[in-house]
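# Structural overview for review
Given next are the chains, with one letter for each unit.
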2 protein chains.
Amino acid sequence: MDQVEIFKALSNKSRLQILEWLKDPEASFPEQKPNGYEHGVCVGQIQVKAGLTQSTISEYLSVLLRAGFVEATRMGQWTYYKRNEQAIKNFTEAIKTDL
Amino acid sequence: MDQVEIFKALSNKSRLQILEWLKDPEASFPEQKPNGYEHGVCVGQIQVKAGLTQSTISEYLSVLLRAGFVEATRMGQWTYYKRNEQAIKNFTEAIKTDL
DNA sequence: TCTACATATCGGAAAAAACCGATATAACTT
DNA sequence: AAGTTATATCGGTTTTTTCCGATATGTAGA
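Every chain is numbered on its own, with residues counted from 1 as its sequence reads. Throughout, the order in which chains and ligands are written sets their labels, letters from A for the former and numbers from 1 for the latter. Since the coordinates come from a predicted model, pLDDT governs what is reported: local features require at least 70, and pairs of side-chain atoms require 80 or more to be given and counted, while whole-chain, interface and lining totals use all residues. Only heavy atoms go into the side-chain values, all of them from the structure, while hydrogens and water stay out.

As annotated in an unreviewed UniProt entry, chain A carries the name ArsR family transcriptional regulator and comes from Flavobacterium subsaxonicum WB 4.1-42 = DSM 21790.

Okay, structure coming up:
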């Protein structure tokens, strides 16, 4: 993944917001089903909270996925997304030394 | 300056490249006049090295300036640009804790 | 003042991004 | 199998970004 593409993934208010929300899923998405939060939050809940259409959020999540900032887990008909903390750390460390 | 705008400033190969070059102006721009490098490198040299037009580079430098990554010093007919290391450090520290 | 040169700004063409609605796919339910 | 639900993908419109050429501005020198 190109560094420019990674910065592009972060160049959008909604995508930054999603990453922020996923820092604390319990607090950000209290309506989560008993399933728990271990695998993240499903697309629909993010979509409602973001106030954009389903297709847009699905697209944005795949941008974040390609950039490596989140990982996806398919469970039944749901796809759960959560932050990839290690990848995020790698990125922030990298730009701390490279930028 | 909005954080989204700052990431946008970094979402371009040429602009990232310029920031990179300005880390070591002596090595990146050996043709610099006896003036020295204390105030940075002038637009024309960056333009030649980047291989884009003068207007584009002038524009890109002002994007980097607005984002706070560089500072400009006008000296006679030249404008010298150099990195604002403190601002860059502030930014990388901020996303290290916030992202 | 006239000319030359460095940089900034303006206007625009082409490409990319931000969305959307419609449709496809995949999994669950009955 | 047929209907329902969650997500992904496709096609399109509008906005933004990328880059250019032309022009304006600002400074220095003859």
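## Some remarks on the protein's contact with DNA strand C
The line we're drawing: Whether a residue is near a molecule or strand depends on its heavy atoms: it is near if one of them lies within 4 Å of it. Polar contact is the term for a pair of N or O atoms within 3.5 Å; when the atoms are in protein, one must be able to donate a hydrogen and the other to accept it, and sequence-neighboring residues count only if both atoms are side-chain atoms. Think of it this way: any DSSP run of H or I at least four residues long counts as a helix, any run of E at least two long counts as a strand, and we number them from the N terminus.
In the vicinity of DNA strand C lie 21 residues, with T53(A), T56(A), G44(B), Q54(B) and S55(B) positioned nearest. Near-protein atoms of DNA strand C (within 4 Å) split between backbone and bases, with sugar and phosphate holding 68%. T56(A) is positioned such that a nitrogen or oxygen atom in its side chain is 2.9 Å from a phosphate oxygen of DNA strand C. A distance of 2.9 Å is found between a phosphate oxygen of DNA strand C and a side-chain nitrogen or oxygen belonging to S58(B). Elements represented by at least two residues in the surface near DNA strand C include exactly α5 (54-67) of chain A together with α4 (43-50), α5 (54-67) and β3 (78-83) of chain B.

## Some thoughts on the protein's contact with DNA strand D
Using the following cut-off: Polar here means any residue other than Ala, Val, Leu, Ile, Met, Phe, Trp, Tyr, Cys and Pro, which are nonpolar, and Asp, Glu, Lys and Arg, which are charged; Gly is therefore polar.
Around DNA strand D, the surrounding shell holds 21 residues, and the nearest of these are G44(A), S55(A), Q77(A), K8(B) and Y60(B). Within 4 Å of the protein, the atoms of DNA strand D are drawn from sugar and phosphate moieties in a proportion of 64%. Y81(A) is positioned with one of its side-chain polar atoms (N or O) 3.0 Å from a phosphate oxygen of DNA strand D. Listed by contribution, the elements that provide at least two residues to the surface near DNA strand D are α4 (43-50), α5 and β3 (78-83) of chain A together with α5 of chain B. Split by residue class, the surface near DNA strand D holds six nonpolar, 13 polar and two charged.

## Notes on the relation of the copies chain B and chain A
Here is the rule we go by: To line up the copies, we fit them by least squares on C-alpha atoms, keeping just the residues with pLDDT of at least 70 in both.
Superposing chain B onto chain A takes a rotation of 179 degrees plus a shift of 0.0 Å along the axis, which leaves an RMSD of 0.0 Å. This pairing of chains is accounted for by a two-fold axis. Residue F7(B) of chain B places its C-alpha closer to the rotation axis than any other residue of that unit, at 2.9 Å.

## A closer look at the packing of aromatic side chains
Spelled out, the test is: Stacked, tilted and edge-to-face are the three classes assigned to paired rings of Phe, Tyr and Trp, where Trp is represented by its six-membered ring and a pair needs centres within 6.5 Å; plane angles under 30 degrees give stacked, over 60 edge-to-face, the rest tilted. The classification of residues rests on relative accessible area computed with a 1.4 Å probe and restricted to protein chains. Under 20% of the type maximum is buried, over 50% is exposed, and intermediate values are partly exposed.
Taken as a whole and judged by the stated rule, the model has seven aromatic pairs over all chains. Seen from their ring centres, W21(A) and F29(A) are 6.1 Å apart, and the 90 degrees between their planes marks the pair as edge-to-face. Across this residue pair, the class does not change: W21(A) and F29(A) are buried. The interplanar angle of 80 degrees and the centroid separation of 5.4 Å between the aromatic rings of F69(A) and F91(A) together place this pair among those described as edge-to-face. Remark: F91(A) occurs in helix α6 (residues 85-98) and F69(A) occurs in the loop between α5 and β2 (70-75); sequence separation between them is 22 residues. Exposure remark for F69(A): the relative accessible area of 1% places this residue in the buried category. Overall, F91(A) belongs to the buried group, its relative accessible area being 8%. Connected via pairs of aromatic rings, a cluster forms that spans F7(A), F69(A), F91(A), F7(B), F69(B) and F91(B).

## Things to note about the sheet that holds strand β1 (residues 41-42) of chain A
Residue and element names in this part refer to chain A. As a reminder, the rule being used: Each pair of strands is called paired provided DSSP finds at least two bridges between the two strands.
With antiparallel pairing, the three strands of this open sheet are ordered in space as β1-β3-β2. Both outer strands of the open sheet, β1 and β2, are each paired with one neighbouring strand and no more. Of the pairings in the sheet, the one linking β2 to β3 comprises six bridges and is antiparallel in character. Residue V70 lies in a different strand from β3, and its bridge partner there is R83.

## Digging into the environment of K23(B)
Residue and element names in this part refer to chain B. Assignment of secondary structure puts K23 in the loop between α2 (13-21) and α3 (25-28). Assessed through its relative accessible area of 36%, K23 is described here as partly exposed. Taking C-alpha positions, K23 is 9.2 Å from E85, a pair spaced 62 residues apart along the chain.

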